[in-house]
Amino acid sequence: MRILLVVLFMSLGFLLNAQDVSFNGVTYEIKKDRIFKDSVDVTDVLSVDEKAEIRAAFDKKMTQIAASEETKKRIEKAEKEQEKAEKDQKRAEKKQKKAEKALKKKEKAQSNFDKSTKKHKDAIKKYEKLKKKGKLSPQDEEKWLEKINKYKEASAKAKKKLK
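As the structure is a computational prediction, the values presented were derived from the model and not from experiment. (Residues numbered from 1 in each chain as written. Predicted model: local features only at pLDDT ≥ 70, side-chain atom pairs only at ≥ 80, totals over all residues. Heavy atoms only, no water.)

## Some details on the packing of helix H2 (residues 48-133) against helix H3 (residues 138-162)
Logical step 1: H3 packs onto H2 with a crossing angle of 160 degrees between their chain directions and a minimal axis gap of 8 Å. Classed by the angle they form, the pair H2 and H3 counts as roughly antiparallel. The handedness of the crossing between H2 and H3 is left-handed.
Logical step 2: For the contact of H2 with H3, the residue count by class is 13 nonpolar, six polar and eight charged. (Axes fitted to C-alpha atoms, helices over the stretch in contact; angles between N-to-C directions. Helix = DSSP H or I, 4+ residues; strand = E, 2+ residues; numbered from the N terminus. Parallel < 35°, antiparallel > 145°, perpendicular 65-115°, else oblique. Left-handed = near helix turned anticlockwise from the far one by under 90°. Nonpolar A, V, L, I, M, F, W, Y, C, P; charged D, E, K, R; others polar.)

This is the structure we're talking about:
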């Protein structure tokens with residue numbers, strides 16, 4: 001913002017002094033069709049060739065000022081485009097990070113679901129195996145059924161989080 005203000009004031013200063021032209025070591029001031037030297041009108045005193053040369057120098061100076069202002073505008077435009085590109089890039093990076101985070105969360109949910117399902121199935125297998133061998137007391141059987149029920153609930157919860 002400061003740079004913009006500095007450029008604006010400098011270009012305003014150039015415009016205010018744009019009417020001053022140095023020719024043959026003498027500074028002339030041009031207002032409309034009149035040529036002044038030290039605030040004295042010398043338009044009638046100068047020859048036609050001198051007037052033409054002074055006007056040519058003035059036109060050249062005005063062209064340079066206009067070109068420099070146009071260059072400044074192009075530079076400002078390029079800077080704005082660069083800032084916009086940087087903002088777009090930051091937005092894209094943010095979006096990518098968000099997508100990666102969501103993918104990681106989904107993978108973790110899938111992993112948790114797989115683990116809880118495996119634990120549930122393993123607990124059922126072990127319970128069935130122990131029951132088949134007759135190694136379960138009524139209290140142990142109750143504990144195993146509670147354990148199996150816990151794994152089933154955990155599996156259902158993990159499935160819900162997966163979706």
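Next, the rest of the story.
## Examining a positive patch on the surface
Logical step 1: A surface patch of positive charge is lined by Lys 126, Lys 129, Lys 133, Lys 135 and Lys 147.
Logical step 2: Among the elements that take part in the positive patch, H2 stands out by supplying three residues, more than any other.
Logical step 3: With respect to the element layout, Lys 129 can be found in helix H2. (Patch = residues over 30% accessible without salt bridge, like charges linked within 9 Å, V, L, I, M, F, W, Y side chains within 5 Å. Areas by Shrake-Rupley, 256 points an atom, 1.4 Å probe, with all protein chains shown as cover. Salt bridge = Lys/Arg side-chain N within 4 Å of Asp/Glu carboxyl O. Lys, Arg positive; Asp, Glu negative; His and termini not counted. Charge placed at Lys NZ, Arg CZ, Asp CG, Glu CD.)

## Considering the packing of aromatic side chains
Logical step 1: Applying the stated criterion across every chain yields a total of zero aromatic pairs.
Logical step 2: A cation over a ring is seen here: Lys 31 above Phe 36, with NZ or CZ 5.8 Å from the ring centre.
Logical step 3: Over the ring of Trp 144 we find Lys 147; its NZ or CZ atom is 4.7 Å from the centre of that ring. (Phe/Tyr/Trp six-rings, centres within 6.5 Å; stacked < 30°, edge-to-face > 60°. Lys NZ or Arg CZ within 6 Å of the ring centre and 35° of its normal.)

## Quick word on the confidence of the model for the chain
Logical step 1: In this model, the chain carries a mean pLDDT of 84, and residues with pLDDT of at least 70 account for 88%.
Logical step 2: Averaged pLDDT values for the elements of the chain fall to 56 in helix H1 (residues 2-16) and rise to 90 in H2.
Logical step 3: When the criterion is pLDDT under 50, residues 14-18 qualifies, and its contacts beyond four places in sequence or with other chains add up to nine contacts. (pLDDT = per-residue confidence, 0-100. Contact = heavy atoms within 4.5 Å.)

## A look at the pattern of salt bridges
Logical step 1: Throughout the structure, instances matching the rule amount to five salt bridges.
Logical step 2: Here Lys 31 and Glu 29 are joined by a salt bridge, their closest N and O atoms 3.5 Å apart.
Logical step 3: Residue Lys 31 is classed as partly exposed on the basis of its relative accessible area of 42%.
Logical step 4: Exposure remark for Glu 29: the relative accessible area of 26% places this residue in the partly exposed category.
Logical step 5: The partner of Arg 34 in a salt bridge is Asp 41, with the nearest N and O atoms 2.6 Å apart.
Logical step 6: Classification of Arg 34 as partly exposed rests on a relative accessible area of 32%. (Buried < 20%, exposed > 50% of the residue type's maximum accessible area, 1.4 Å probe, protein only.)

## Description of the side chain of Ser 116
Logical step 1: Residue placement: Ser 116 occurs in helix H2.
Logical step 2: Apart from the residues lying within four places of it in its own chain, the contact partners of Ser 116 are Tyr 151, Ala 154, Ser 155 and Ala 158.

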